[in-house]
Amino acid sequence: MIDEFSLLDKVNTGDIKPTGAKPKLPLKLDGLDSENLNVYRIPLDMLYYNDANGRIRSARAHFENAARSVDDGDEYNAIVERLIEDSDSAKLKKTKKDIQEKGQLIFGYVLDDGRVIDGNRRFTALRQLQRETDQQQYFEAVILPVTFNDKANRELIKRLELALQMGIENKVDYDAVDAAVDVWQTVKIDQIMLLGDYAKNAGKTVKAVESSLNVVYLMQDFLNHINADEQNFQLIKDLKIYRLLEEIGEKLKKRYPKSGPDMEYSKQLAFTQLHSMILTGGDRVRYMRDYFEGVVDAETYNDFKEEVDEYVEELQDTFDDKQVTSAADYRTTLEELTPQFRKIQKIKNDTVNSTKRSKDAEKFIESLRQINKALADLNAGHGLTGKLRWNQFDSTEILAIRDYMSQIVKDAEALVNIYNDEL
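Because the structure is a prediction, the values reported are computed rather than measured. (Residues numbered from 1 in each chain as written. Predicted model: local features only at pLDDT ≥ 70, side-chain atom pairs only at ≥ 80, totals over all residues. Heavy atoms only, no water.)

1. Some words on the overall build of the protein
Under the convention used in this document: Comment: elements are numbered from the N terminus, with helices defined as DSSP H or I runs of at least four residues and strands as E runs of at least two. We compute the radius of gyration from the C-alpha atoms alone; for a globule the expected value is 2.2 Å times N to the 0.38, where N is the number of residues. Relative accessibility decides the category of a residue: with a 1.4 Å probe and only protein chains considered, values under 20% of the type maximum give buried, values over 50% give exposed, and everything between is partly exposed. Whether two residues are in contact is decided by their heavy atoms, any of which lying within 4.5 Å being enough. Each accessible area is a Shrake-Rupley result for a 1.4 Å probe, and residues are judged covered by the shown protein chains and nothing else. Positive charges come from Lys and Arg, negative ones from Asp and Glu, while His and the chain ends are left out of the count. Positions of charges follow a simple convention, taking NZ of Lys, CZ of Arg, CG of Asp or CD of Glu.
Across its full length, the protein carries 18 helices and six strands. Expected size for 423 residues packed as a compact globule is a radius of gyration near 22 Å; at 32 Å, the protein overshoots this value by more than 25%. Once the C-alpha set of the protein is aligned to its principal axes, its extents read approximately 105 × 60 × 40 Å. Every one of the 423 residues in the protein was classed for burial, and the buried ones make up 44%. Residue pairs at least 24 apart in sequence account for 70% of intrachain contacts in the protein once pairs closer than 6 positions are excluded. Accessible area of the protein: about 23500 Å², with a carbon and sulfur share of 48%. Here the protein carries 60 positive and 76 negative side-chain charges, and the mean point of each set is 5 Å from the other.

Given below as structure tokens:
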């Protein structure tokens, strides 16, 4: 954005006019209140999308080299508009229909340089209506007398953005990837806030925000693993694997409290299972649960690692030779590796089945142990358990108890013969 451009200067020259509405800020901000702020009708060509927003940041790879200035053309705005439409076309259509029929009922917030920090979908709907009707549209918004270029103002801006979209006011339905990337961008990249401050302003627990940050690191590990740009978070959204990566991260952390070579290799193996699952389809949650419970937790996990190591290396070599930029690229590579995935899948299924058989056998033996213990307790209690006494039973009931026990003896003798035959 060119430094000389200022929406408030346009207000002073009469190019931007107030609507007469006064905003009620969702939180107290030093120097800003309803008395010195107004809602204005702003021409759309004076505005641009906020590339520091988590939703937009997650699609960085699509617009990294595009202009972000109202003075340098509309390339960047056009790209982000398509991304917003693709992310939820139904909601955008509804917003556009509502504005067309009733006007813009909820105002947005913009910075003095034209950066939209709240109201992306409304801004997008108005852009499309202006093209479709060939009639001038205006975005009604509060103009904050600050810019993102001034680092001192960034925390103030972020606090307001979080309050509007995720905290004090009605929460926006944030995509999990977008929300996590927003944490990472704010806390680690821009270093606008500490993690605890972010949690407080977003109305979340520190643990939840920390978890989101950890998933971003795992997303980057996955993207590096498949030879994609480590900030191509849109690819994670397109593949719909955020929750699976979150689950993988939680399970790995539980099994490996301290990072190291074993954890890193187990992470690579988990990614390999994720590839296989995406290639073959099916119940994703059950697939990963079976893998961790039936393979990673099994006593034979080291044997499994040795059996698949050759194929995992072939997979990694193939990914290293191909640049992945989209979900289509990724799936094409997976299809080329179908033979290797089939072999890995067979080893995985054999391990899971072996683990299940072992657990079933252990469960069966435990049930016999419990039966044996119950009979021992009966014998120790002179035929009864607990506080029971023989005077509580009549002769008919005692006969029934004897007959049941006699049948147990006969069944036990028959079972002993069966077991002897198996030896």
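2. Some details on the environment of Ile117
You can see Ile117 is positioned in strand β5 (residues 115–118). In the structure, Ile117 is positioned 43 residues away from Leu160 in sequence and 8.9 Å away in space, judged by C-alpha atoms.

3. Some thoughts on the packing of aromatic side chains
Applicable threshold: Within 6.5 Å between ring centres, the rings of Phe, Tyr and Trp (the latter by its six-membered ring) count as paired, and their orientation is classed by plane angle as stacked under 30 degrees, edge-to-face over 60, tilted in between. For a ring to carry a charge above it, either NZ of a lysine or CZ of an arginine must fall within 6 Å of the ring centroid while also lying within 35 degrees of the normal to the ring plane.
Counting across every chain of the model gives 11 aromatic pairs. Ring geometry for Phe222 against Phe271: centres 5.4 Å apart, planes inclined by 85 degrees, an arrangement best described as edge-to-face. Of this pair, Phe222 sits in helix α10 (residues 206–225) while Phe271 sits in helix α13 (residues 261–280), and the two are 49 residues apart along the sequence. Taking relative accessible area as the criterion, Phe222 reaches 0% and is therefore assigned buried. Above the ring of Tyr138, the side-chain terminus of Arg41 is found at 4.1 Å from the ring centroid. Its end group placed over the ring of Tyr287, Lys348 keeps NZ or CZ at 4.0 Å from the ring centre.

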